[in-house]
Amino acid sequence: MLEFERVGFSYGRQPVLTGISLTIAAGEFIAVVGPNGAGKTTLVRLALGLIRPTDGAVRLFGTDSSRFRQWSSVGYVPQRANASSALPISVDEVVRSGLAGQLRPLARVSSTQRERIEHVLEVMGLQQVRRRRITQLSGGQQQRALIARALVTTPRLLFLDEPTTGVDAEAKTALRASLEHLVNIEGIAVVYISHDPAGFAGLAQRVLEVRDGQVLPVSGSAPVSSASHPGA
Amino acid sequence: MLELEFMQRALIACTVIAAIAPLVGSFIVQRRQSLIGDGMGHMAFAGVGLALLTGIHPLIGALGLTVIAAVALVRMSKRQGGGDLSLALLFYGGISAGFLFAARSGGGQTAVVGLLFGSPLNLQWWEVAAITALAGVVLLITAVVYRQLLAMAFDEASAKVAGIPTQALTLILTLMVALIVVAGMTTIGLLLISAMMVVPIAAATQIAGSYRATLAIGSGIGALSAVLGLTLSYYGDFAPGAAIVVVAILCYLVTSTFALLTGRYHRRRA
């Protein structure tokens, strides 16, 4: 599903990641931890083809990420949307905007897509607030709206970048319940980037740590897949 | 007032452009590029100067140079930190070149002032038709790529991951800004058309509950500002472009006061 083969990445002459090799299989839940600036977000950006590796290859569903086109199979939830805090966009519009890459110009949303929108709003507990501006919601609700947006294309692989940043304990519990549903019921593979182990404890099948340019399994975490070859 | 043909032409041209400009403005505001219209305005001014020098119509000169500037701007801003610098280059290069060309042409002082501050009362019917056509093109493009523009305004990285060609879309958006600037230079003026892209949207943002509503309200405020501004200009002998922008700013004060008093949409991220 996702494969890093001896991947290296540098910002100018400053190496950030070196010789990363790992594989993520269908339905896996992987947590990635590490100190600030270690390269966690760089790892995600490489996986999504937003930046190109300086060495090695990143493959999504068997295709090099720079040539990958089946983006409906991949969902991405940024740490925080870069939209202005005054963006007058409703929750419904945020979720529907997830379909923008799939729809032809002026095409109407199909009945299947409409059903999917209703489904993700329900799973994320957002039906009651769908007409409200996203900036009116709590941090946790906003985060779930971003996840709903990423899920609307029915992805098979979901990236979550620090999803619990700035959310309260109650919202973390709600987010966790939503993730359990995604993993256990919908069988979506998840790459969960976080500082906060409480967000993925009991959900993550593997915990990887990004440190000193390497990606290493955290000792004592759940069994490391034989498909993983960190720090080559 | 309405029985005068020059006022009819001014009303149609100003209302059309003031209603369409906020549609483009909404996306540039969200991308924190509110000053891009000013940059384009300066390049249009250079185009007008070049047109005066070479004897072509100012509309053609402005359109040509702003389109070239739009492409150059997008290419330059791809470089890290290049966006701000490239906009500054447009600002200063455009205004300097415009004055140099206009001075060299040895005439057209009145035309230059008219384009800087707008002179809708001097429009001919063919110019009204040209402005309406340019605005129509912008409306059509906005309708076609609305969903993609909205996704990009919300979060560009997510939009890229969703398969949206964000670079092409950025170029389209910048070209639309260029079209609005050119369409608005004879009506509201090169120095003020950018305000009509930004101020009605800022006003609408205070009271709208969704993006679609923001566009509709912003467009309505733009049109209302054009009608009221021209009416004020007619009876009060004010400069039309300035009067239109002042009405739009008053609309912003009204909606922001309303939002403040009612507490609408003033809660920020938790």
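Everything quoted here is computed from the prediction, not taken from an experiment. (Residues numbered from 1 in each chain as written. Chains lettered and ligands numbered in written order. Predicted model: local features only at pLDDT ≥ 70, side-chain atom pairs only at ≥ 80, totals over all residues. Heavy atoms only, no water.)

Student: I'd like to hear about the overall build of chain A, residue by residue, with values.
Tutor: Counting secondary structure elements, chain A contains five helices and ten strands. Against the globule reference of 17 Å for 232 residues, chain A gives a C-alpha radius of gyration of 17 Å, in line with a compact fold. Across its three principal directions, the C-alpha atoms of chain A cover 50 × 40 × 35 Å. The buried share of chain A, reckoned over its 232 residues, is 54%. Within chain A, contacts between residues separated by at least 24 positions form 68% of all contacts whose residues are at least 6 apart in sequence. Accessible area for chain A stands at about 9800 Å²; split by element, carbon and sulfur atoms hold 47% of it. Separation of charge centres in chain A, based on 25 positive and 19 negative side chains, amounts to 7 Å. (Helix = DSSP H or I, 4+ residues; strand = E, 2+ residues; numbered from the N terminus. Rg over C-alpha atoms; globule rule 2.2 N^0.38 Å. Buried < 20%, exposed > 50% of the residue type's maximum accessible area, 1.4 Å probe, protein only. Contact = heavy atoms within 4.5 Å. Areas by Shrake-Rupley, 256 points an atom, 1.4 Å probe, with all protein chains shown as cover. Lys, Arg positive; Asp, Glu negative; His and termini not counted. Charge placed at Lys NZ, Arg CZ, Asp CG, Glu CD.)

Student: Any chance you could break down the interface of chain B and chain A for me, citing the residues and the numbers?
Tutor: Counting residues at the interface gives 34 residues for chain B, matched by 43 residues for chain A. Taken together, chain B and chain A are joined by zero salt bridges. Summed over the shared surface of chain B and chain A, the number is eight residue pairs in polar contact (both at pLDDT 80 or more). Counting residues per element, the ones that place at least two in the side of chain B that touches chain A are helix 6 (125-144), helix 7 (146-154), helix 8 (156-161) and helix 11 (211-236) of chain B. If one sorts the elements of the side of chain B that touches chain A by residue count, helix 7 of chain B sits on top with seven residues. For the side of chain B that touches chain A, a count of residues per class yields 16 nonpolar, nine polar and nine charged. (Salt bridge = Lys/Arg side-chain N within 4 Å of Asp/Glu carboxyl O. Polar contact = N/O pair within 3.5 Å; in protein donor to acceptor, adjacent residues only side chain to side chain. Nonpolar A, V, L, I, M, F, W, Y, C, P; charged D, E, K, R; others polar.)

Student: Please give an account of the UniProt feature "transmembrane region" (unreviewed entry) in chain B that cites residues and values.
Tutor: All names here are of chain B. Per the UniProt entry, the sites bearing "transmembrane region" (unreviewed entry) are residues 50-73, 85-103, 123-146, 158-182, 215-235 and 241-261 in this numbering. For residues 50-73, the helix share is 88%, the strand share is 0%, and the end-to-end C-alpha distance is 20 Å. For residues 241-261, the helix share is 100%, the strand share is 0%, and the end-to-end C-alpha distance is 31 Å. (UniProt positions renumbered as here; feature names shortened; annotations may be inferred.)

Student: Account for helix 7 of chain B, with residues named and values stated.
Tutor: Of all the nine residues making up helix 7 of chain B, eight are buried; the element is thus mostly covered by neighbouring parts of the structure. Looking only at helix 7 of chain B, the buried set comprises Tyr146(B), Gln148(B), Leu149(B), Leu150(B), Ala151(B), Met152(B), Ala153(B) and Phe154(B).

Student: Tell me about empty space enclosed by the protein, and please be specific about residues and values.
Tutor: Taken as a whole and judged by the stated rule, the model has three cavities of 30 Å³ or more. Volume-wise, the largest cavity comes out at about 140 Å³. If you trace the largest cavity, you find 17 residues lining it, with Gly98(A), Arg149(A), Ala150(A), Ser158(B) and Ala162(B) closest to the centre. Elements with a minimum of two residues in the lining of the largest cavity: strand 6 (74-77) and helix 4 (139-151) of chain A together with helix 8 of chain B. Its residues assigned to classes, the lining of the largest cavity comprises nine nonpolar, seven polar and one charged. (1 Å grid on protein atoms, 1.4 Å probe; cavity = no way out; pocket = protein on both sides within 12 Å on 5 of 7 lines; lining within 4 Å. Points joined across faces, edges and corners; volume = space filled by probe spheres on them.)

Student: Lay out the sheet that holds strand 8 (residues 189-193) of chain A in plain terms, naming residues and giving numbers.
Tutor: Strand pairing within a sheet occurs via backbone hydrogen bonds; the two strands may be parallel or antiparallel. Residue and element names in this part refer to chain A. Read from one edge to the other, the open sheet built from six strands follows the order 6-7-8-3-9-10, with strand pairing classed as mixed. Each edge of the sheet is formed by a strand with only one pairing partner; in this case those strands are strand 6 and strand 10 (214-217). Each adjacent strand pair in this sheet contributes to an overall mean axis angle of 20°, direction not counted. Pairing between strand 6 and strand 7 (residues 157-161): four bridges, direction parallel. By the bridge assignment, Val 77 is partnered in strand 7 with Leu 160. (Pairing = 2+ DSSP bridges. Axes fitted to C-alpha atoms, helices over the stretch in contact; angles between N-to-C directions.)

Student: Let's hear about the pairing of strand 1 (residues 2-11) of chain A: which residues, and what values?
Tutor: Two faces make up the sheet, and in a regular strand the side chains alternate between them. Residue and element names in this part refer to chain A. Summarising the sheet, strand 1 and strand 2 (residues 14-24) pair through seven bridges and their orientation is antiparallel. Residue pairing in the sheet places Tyr 11 in a bridge with Gln 14 of strand 2. Here strand 1 folds back onto strand 2, and the loop between the two strands holds two residues, one of which, Gly 12, carries a positive phi near 65°. Sheet topology places strand 1 next to strand 4 (residues 55-60); five bridges connect them, and they run antiparallel. Among the inter-strand pairings, Glu 5 is bridged to a residue of strand 4, identified as Ala 57.

Student: Lay out unusual backbone geometry with the relevant residues and their values.
Tutor: Notably, Phe61(A) is not glycine yet its phi reads approximately 50°, a positive angle. Among the secondary structure elements, Phe61(A) is positioned in the loop between strand 4 and strand 5 (63-64). Note on Phe61(A): relative accessible area 23%, which makes it partly exposed. Positive phi, close to 60°, is recorded for Asp237(B), a residue that is not glycine. Note on placement: Asp237(B) falls in the loop between helix 11 and helix 12 (240-262).

Student: Requested: an account of the nonpolar core, with residues and values cited.
Tutor: Ranked by internal contacts, the top residues of the largest apolar core, which has 121 residues, are Ile147(A), Leu158(A), Met40(B), Ile180(B), Ile188(B) and Met196(B). Sorting elements by how many residues they give to this core places helix 1 (residues 5-30) of chain B first, with 13 residues. Those residues in contact with Met196(B) that sit more than four places away from it in its chain are Ala18(B), Ala21(B), Pro22(B), Ile188(B), Gly222(B), Ser225(B), Ile244(B), Val245(B) and Ala248(B). Core analysis: the second largest hydrophobic core is formed by 35 residues, Val32(A), Ala189(A), Ile193(A) and Val161(B) among them. (Core = buried A, V, L, I, M, F, W, Y, C linked by side-chain atoms within 4.5 Å.)

Student: With reference to specific residues and values, describe the layout of surface pockets.
Tutor: For the second largest pocket, the calculated volume is near 530 Å³. For the lining of the second largest pocket, the elements supplying multiple residues, two or more each, are helix 2 (91-97) of chain A together with helix 6, helix 7 and helix 11 of chain B. Partitioned by chemical class, the residues of the lining of the second largest pocket number nine nonpolar, three polar and seven charged.

Student: Provide a residue-level description of the pairing of strand 10 of chain A, including the pertinent values.
Tutor: Residues and elements named next belong to chain A. Both strand 9 (residues 206-211) and strand 10 contribute to a ladder of four bridges, which runs antiparallel. Opposite Glu 209, over in strand 10, you have Leu 216 as the bridge partner. Linking two consecutive strands that pair antiparallel, namely strand 9 and strand 10, is a turn of two residues; a positive phi of about 50° is found at Asp 212 within it.

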